[in-house]
Amino acid sequence: MQRYNALSVLWGGLTGQKHWQQVWGRPEPKAHYDVIIVGGGGHGLATAYYLAKEHGIRNIAVLEKGWLGGGNAGRNTTIVRSNYMIEGNTEFYEHSLKLWENLSHELNYNVMFSQRAHVNLVFSPSQRDSMARRYNLMRLNGIDGDFWDPKELRRRIPHLNYDHGRFPILGAYVQPRAGTARHDAVNWGFARAATALGVDIIQGCEVTGFIHKAGAVVGVETNRGGVAGEILADKIGLAVAGHTSVLAHKAGLGKLPIETHKLQAYVSEPIKPIVDQVIVFGGIGHFYISQSDKGGMVFGGDLDKYNSYAQKGNLPVYENVMAACMQILPCLGRVKLLRQWAGVMDMSMDGSPFITKTDIPGLYLNAGWCYGGFKATPGSGHTFAHTIAKDEPHWANARLTLSRYREGRQIDETGHGPVAKLH
């Protein structure tokens, strides 16, 4: 793999940018792999990378029906955080955040991870007390957290609607190590590093079915590959986000405790720097916003709250999100919206994911990410790779199993119960 550094960038500028090498190719599928990962988003690519790097498994294929990062991995608001309080989530997301902190160096690719702080606004004494419980639990687990009173908040973020808002801003709970990353760069970085370790990344290869033998999954049927599009493998991992239910049914897993919903996101025209943090609030709605390196305001809110596989949303949620934006940042009222899109969310019944072996030998599942998929990318890949390679969970995903539903130990951060669209 060609190493990237300041000298190579300078040399490229002096030589007409002619020395760069192709970072991944277009291989044809082999007849057999040790491991097949279905899904070429961040989680699938990260899993393949860590399988090759940490477990020495190089005969791997990542099968993506579209193009790399064309699903949720390229359709999110790029927030990275670990401010969780329930056992199971706490250790997993902090493990993932620690991987983020060195990811650009590890991949030799700038993923543009910016630890600019995650600022959660509070508007009532009860909300402040509830958030205090969360952040105290975080600190007991060694996770950074802080409280900014109104004076400190006004000093750091002067453009908020402090004096004329419908709800008074009483302060904010903050995770300073949280921030944002560039989603495309994360996908490309993992793809480049995995390719360098011998992984085949096969785009335009849709999995249409699974091959079973003696009760185990031993391969996939695709629109490419050898005889009848069949590709055999010793182990198969699913990392397909909102399309998990469809492929799980084809694999014989039956009905899973997830629903597919769409989550809208928006970006404005570029403006001068105004927000240097990720600003979030809930309780009186749901809204989050940050500013990209290009100057666009990137923001979103609630799900559309009906089942759908569409990668676009409808106007009622659009209106609610804009109203929430005007509530705290009325200075953006005349900024033009550049584009809008939606991601297809795999919403679990307790709002938490599963990274686990399944009851079908040879089949492994990575799903149920709700809003949390992007921030989990390196942690998901790292622990899913360990689970596949060792046939046992990593310590960070030991509680993220499907069996927790049978055992009555849900990991419910919000306390909304088994209603997927409310998490």
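Anything mentioned here points back to the structure above.
Small disclaimer: the values here were computed from a predicted structure and weren't measured.

1. With respect to the overall build of the protein
When helices and strands are counted, the protein shows 11 helices and 18 strands. Going through the 423 residues of the protein one by one, you find that 56% of them count as buried. Sequence-distant contacts in the protein: of pairs separated by 6 or more residues, those separated by 24 or more amount to 74%. Approximately 18400 Å² of the protein is accessible, and the part contributed by carbon and sulfur atoms is 53%.

2. A short note on the pattern of salt bridges
For the coordinates displayed, the defined rule picks out 15 salt bridges. Glu-101 is the partner of Arg-177 in a salt bridge, and the nearest nitrogen-oxygen pair spans 2.9 Å. Of this pair, Arg-177 sits in the loop between strand 6 (171-175) and strand 7 (179-180) while Glu-101 sits in the loop between helix 3 (89-100) and helix 4 (103-107); the two residues are 76 residues apart in sequence, bridging distant segments of the chain. By relative accessible area, which is 35% here, Glu-101 ends up partly exposed. A salt bridge links Asp-293 to Arg-116; its shortest N-O distance comes to 3.8 Å. Linking Asp-293 in the loop between strand 14 (287-291) and strand 15 (297-307) with Arg-116 in the loop between helix 4 and strand 4 (118-122), this pair joins segments that are 177 residues apart in sequence. One network of salt bridges, with partners in common, ties together Glu-94, Glu-101, Asp-144 and Arg-177.

3. Structural notes on the side chain of Thr-47
Examined against the element boundaries, Thr-47 turns out to sit in helix 2 (residues 42-55). Judged by relative accessible area, Thr-47 falls into the buried class, the value being 0%. Contact partners of Thr-47, with chain neighbours within four places excluded, come to Ile-37, Ser-380, Gly-381, Phe-384, Ala-385 and Ile-388.

4. A word on the packing of helix 2 against helix 10 (residues 377-390)
Across the interface, helix 2 lies against helix 10 with an axial gap of 7 Å and an inter-helix angle of 55°. The orientation of helix 2 with respect to helix 10, classified from their angle, is oblique. Of the two possible hands of crossing, helix 2 and helix 10 adopt the one that is right-handed. Residues Gly-42, His-43, Ala-46, Thr-47, Tyr-50, Leu-51, Glu-54 and His-55 of helix 2 touch helix 10, and the partners they reach there are Thr-377, Pro-378, Ser-380, Gly-381, His-382, Phe-384, Ala-385, His-386, Ile-388, Ala-389 and Lys-390.

5. With respect to the environment of Pro-257
Mapping Pro-257 onto the fold places it in the loop between helix 8 (244-251) and strand 12 (258-268). Sequence separation between Pro-257 and Glu-101 is 156 residues, and the spatial gap between their C-alpha atoms is 32 Å. Aside from chain neighbours lying at most four places away, what touches Pro-257 is Met-347, Ser-348, Met-349, Phe-354, Leu-402 and Tyr-405.

6. Focus on the state of the cysteines
Following the criterion strictly, the structure yields 0 disulfides and no others. In this structure Cys-325 is not part of a disulfide, and its nearest cysteine sulfur, from Cys-331, lies 7.9 Å away.

7. Some thoughts on the packing of helix 2 against helix 7 (residues 183-196)
Interaxial distance between helix 2 and helix 7 falls to 9 Å at its minimum, and their mutual angle equals 30°. One way to sum up the angle between helix 2 and helix 7 is to call them roughly parallel. Along this stretch, helix 2 crosses helix 7, giving a crossing that reads as left-handed. Residue-level inspection shows Gly-42, Leu-45, Ala-46, Tyr-49 and Tyr-50 of helix 2 in contact with helix 7, the latter providing Asn-187, Phe-190, Ala-191, Ala-193 and Ala-194. Partitioning the contact of helix 2 with helix 7 into residue classes produces 8 nonpolar, 2 polar and no charged.

8. Observations concerning the pairing of strand 10 (residues 216-222)
Here strand 10 lies mainly inside the structure; 5 of its 7 residues are buried. Of the strand pairs in this sheet, strand 10 and strand 11 (residues 230-238) are connected by 3 bridges, and their pairing is antiparallel. In the sheet register, Glu-221 faces strand 11, and the bridge partner there is Glu-230.

9. Overview of the environment of Cys-325
Position of Cys-325 among the secondary structure elements: in helix 9 (residues 315-328). Put simply, Cys-325 and His-386 are 61 residues apart on the chain and 41 Å apart in space, counted from C-alpha to C-alpha.

10. Comments concerning the side chain of Asp-346
Here Asp-346 is to be found in strand 16 (residues 337-348). As a buried residue without a salt bridge, Asp-346 has its nearest oppositely charged side chain in Arg-404, at a separation of 10 Å. Apart from the residues lying within four places of it in its own chain, the contact partners of Asp-346 are Ala-241, Gly-242, Thr-244, Ile-258, Glu-259, Ala-367, Gly-368, Trp-369 and Cys-370.

11. Observations regarding unusual backbone geometry
Backbone geometry places Ala-241, a non-glycine residue, at a positive phi of 50°. One can find Ala-241 in the loop between strand 11 and helix 8. Located in the positive-phi region is Asp-391, a residue other than glycine, with phi close to 60°. Of note, Asp-391 is situated in the loop between helix 10 and helix 11 (403-407). Taking the relative accessible area as the measure of exposure, Asp-391 reaches 33% and is therefore partly exposed.

12. Description of helix 9
Given a rise of 1.5 Å per residue, 14 residues ought to cover 20 Å, and the 21 Å separating the end C-alpha atoms of helix 9 matches this to within 8%. What helix 9 keeps buried is the set Val-317, Val-321, Ala-324, Cys-325, Gln-327 and Ile-328. Taken around the axis of helix 9, the buried residues stretch over an arc of 155°, which confines them to a single face. Opposite the buried face of helix 9, at more than 90 degrees from it, the exposed residues are Leu-315, Pro-316 and Glu-319. Against the buried residues of helix 9 lie strand 4, strand 12, strand 13 (278-281), strand 14 and strand 15.

Scoring rules and cut-offs
Residues numbered from 1 in each chain as written. Predicted model: local features only at pLDDT ≥ 70, side-chain atom pairs only at ≥ 80, totals over all residues. Heavy atoms only, no water. Helix = DSSP H or I, 4+ residues; strand = E, 2+ residues; numbered from the N terminus. Buried < 20%, exposed > 50% of the residue type's maximum accessible area, 1.4 Å probe, protein only. Contact = heavy atoms within 4.5 Å. Areas by Shrake-Rupley, 256 points an atom, 1.4 Å probe, with all protein chains shown as cover. Salt bridge = Lys/Arg side-chain N within 4 Å of Asp/Glu carboxyl O. Axes fitted to C-alpha atoms, helices over the stretch in contact; angles between N-to-C directions. Parallel < 35°, antiparallel > 145°, perpendicular 65-115°, else oblique. Left-handed = near helix turned anticlockwise from the far one by under 90°. Disulfide = S-S within 2.5 Å. Nonpolar A, V, L, I, M, F, W, Y, C, P; charged D, E, K, R; others polar. Pairing = 2+ DSSP bridges. Lys, Arg positive; Asp, Glu negative; His and termini not counted. Expected span 1.5 Å × (residues − 1). Arc of directions from axis to C-beta.

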